[in-house]
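Structural overview for review
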Amino acid sequence: MQAEDFVREVRNTQFEFLSPQLLQLVAYKEEIFPNTEERGDQNAEFRLAVLEALHKTLSPGDRPLIRFLLKQEITVHENAWSISESIRLCGFLLSLLAQVEDVGLLWEAKTTSFDTMCGFDVEFLVGAGVAPTVSYLQSIQEEWAPDALEYIEECQRTGDFHNLERFREVTHKVFREQTI
């Protein structure tokens, strides 16, 4: 199955009614590489292709799929020694959908490892806007929320969010060029 066909099939079915077999194509699946003891994710390449297809035609209805894909990426990165473009693209796409409630999952992705803390852009956390995100974090009673709030407020003080529109334009361009 091609990534575009996968996206089309997901879009033609309500996410909660997708077959487990279809989701298994993009779910984290650990494998041991032949002739080594190294481990990897058997579905990483296809998941990236699906993310690239979504990037070309993103719509609000893609949100459940992107959230699922980000959870898979978080699992991959829990024991990884680097950060992949997959988790970054996934975070970017979710931030573009601008749902303030997604800040929790985005924060989880950012704080999964040292590498994701450094390489998962803070701008992804405020896709719904800085003020709405800060307000949301102040209003919820989640264990992680004070840390996320403090981090976002510090980034706001240092000017990380001063040109979010430009950041999004450049990030779109970077991801488009990588898929060519």
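Just so we're clear, the structure is a prediction, and the values are computed from it rather than from any experiment.

**Notes on the overall build of the protein**
- In terms of regular secondary structure, the protein is built from 10 helices and 2 strands.
- The order of helices and strands in the protein, counted from the N terminus, is α-α-β-β-α-α-α-α-α-α-α-α.
- Projected onto its principal axes, the C-alpha positions of the protein cover 50 × 40 × 35 Å.
- Within the span of the protein, comprising 180 residues, buried residues form 43% of the whole.
- In the protein, once contacts between residues fewer than 6 apart in sequence are set aside, the share between residues at least 24 apart is 62%.

**Quick word on the nonpolar core**
- One finds Val-50, Leu-54, Leu-69 and Leu-70 to be the most contacted residues of the largest nonpolar core, which totals 50 residues.
- Beyond its immediate chain neighbours, meaning those up to four positions away, Leu-69 contacts Val-26, Arg-47, Val-50, Leu-51, Leu-54 and Cys-90.

**Regarding unusual backbone geometry**
- With a phi angle near 55°, Ala-98 is a residue other than glycine that sits in the positive phi range.
- Within the secondary structure, Ala-98 is located in the loop between helix H5 (85–96) and helix H6 (103–110).
- With relative accessibility at 34%, the residue Ala-98 sits in the partly exposed group.

**Some words on the packing of aromatic side chains**
- One pass over the full model with this rule turns up 7 aromatic pairs.
- Their ring planes at 85° and their centres at 5.7 Å tell us that Phe-6 and Phe-46 sit as a pair that is edge-to-face. Of this pair, Phe-6 sits in helix H1 (residues 3–11) while Phe-46 is found in helix H3 (residues 44–56), placing the two residues 40 residues apart along the sequence. Grouping residues by exposure puts Phe-6 and Phe-46 together as buried.
- Where Trp-107 meets Tyr-151, the ring centres are 5.6 Å apart and the plane angle is 55°; that geometry is what we call tilted. Residue Trp-107 is found in helix H6, and its partner Tyr-151 is found in helix H9 (residues 145–157); the two are separated by 44 residues along the sequence.
- The exposure class assigned to Trp-107 is buried, which follows from its relative accessible area of 8%.
- Grouped by ring-pair contacts, the aromatic residues Phe-92, Phe-120, Phe-124, Phe-167 and Phe-175 constitute a single cluster.

**Re the packing of H3 against helix H4 (residues 63–77)**
- Between H3 and H4, the shortest axis-to-axis distance is 11 Å and the interhelical angle comes to 145°. Like other packed secondary-structure pairs, H3 and H4 cross with a definite hand, here left-handed. Contacts from Arg-47, Val-50, Leu-51 and Leu-54 in H3 reach Leu-65, Ile-66, Leu-69, Gln-72, Glu-73 and Val-76 in H4.
- Split into classes, the residues belonging to the contact of H3 with H4 amount to 7 nonpolar, 1 polar and 2 charged.

**Re empty space enclosed by the protein**
- Applying the stated criterion to the full structure yields 1 cavity of 30 Å³ or more.
- Estimates place the volume of the largest cavity at around 40 Å³.
- Those elements that place two or more of their residues in the lining of the largest cavity are H5 and H6.
- Its residues assigned to classes, the lining of the largest cavity comprises 8 nonpolar, 3 polar and no charged.

**Looking at the pattern of salt bridges**
- Following the criterion strictly, the structure yields 12 salt bridges and no others.
- A salt bridge links Asp-62 to Arg-11; the nearest nitrogen and oxygen atoms lie 2.7 Å apart. Placement of Asp-62 in the loop between H3 and H4 and of Arg-11 in helix H1 is noted, with a sequence separation of 51 residues between them.
- Among the residues examined, Asp-62 registers a relative accessible area of 3% and is labelled buried.
- Overall, the relative accessible area of 36% leaves Arg-11 in the partly exposed class.
- Its salt-bridge partner being Arg-157, residue Glu-154 comes within 2.8 Å of it at the nearest N-O pair. Of this pair, Glu-154 and Arg-157 both sit in helix H9, 3 residues apart, roughly one helical turn.
- Judged by its relative accessible area of 38%, Glu-154 is partly exposed.
- Sharing partners across several salt bridges, the network here consists of Asp-41, Arg-47 and Glu-73.

Calculation notes
- Residues numbered from 1 in each chain as written.
- Predicted model: local features only at pLDDT ≥ 70, side-chain atom pairs only at ≥ 80, totals over all residues.
- Heavy atoms only, no water.
- Helix = DSSP H or I, 4+ residues; strand = E, 2+ residues; numbered from the N terminus.
- Buried < 20%, exposed > 50% of the residue type's maximum accessible area, 1.4 Å probe, protein only.
- Contact = heavy atoms within 4.5 Å.
- Core = buried A, V, L, I, M, F, W, Y, C linked by side-chain atoms within 4.5 Å.
- Phe/Tyr/Trp six-rings, centres within 6.5 Å; stacked < 30°, edge-to-face > 60°.
- Axes fitted to C-alpha atoms, helices over the stretch in contact; angles between N-to-C directions.
- Left-handed = near helix turned anticlockwise from the far one by under 90°.
- Nonpolar A, V, L, I, M, F, W, Y, C, P; charged D, E, K, R; others polar.
- 1 Å grid on protein atoms, 1.4 Å probe; cavity = no way out; pocket = protein on both sides within 12 Å on 5 of 7 lines; lining within 4 Å.
- Points joined across faces, edges and corners; volume = space filled by probe spheres on them.
- Salt bridge = Lys/Arg side-chain N within 4 Å of Asp/Glu carboxyl O.

Coordinates in, geometry out; function isn't part of it.
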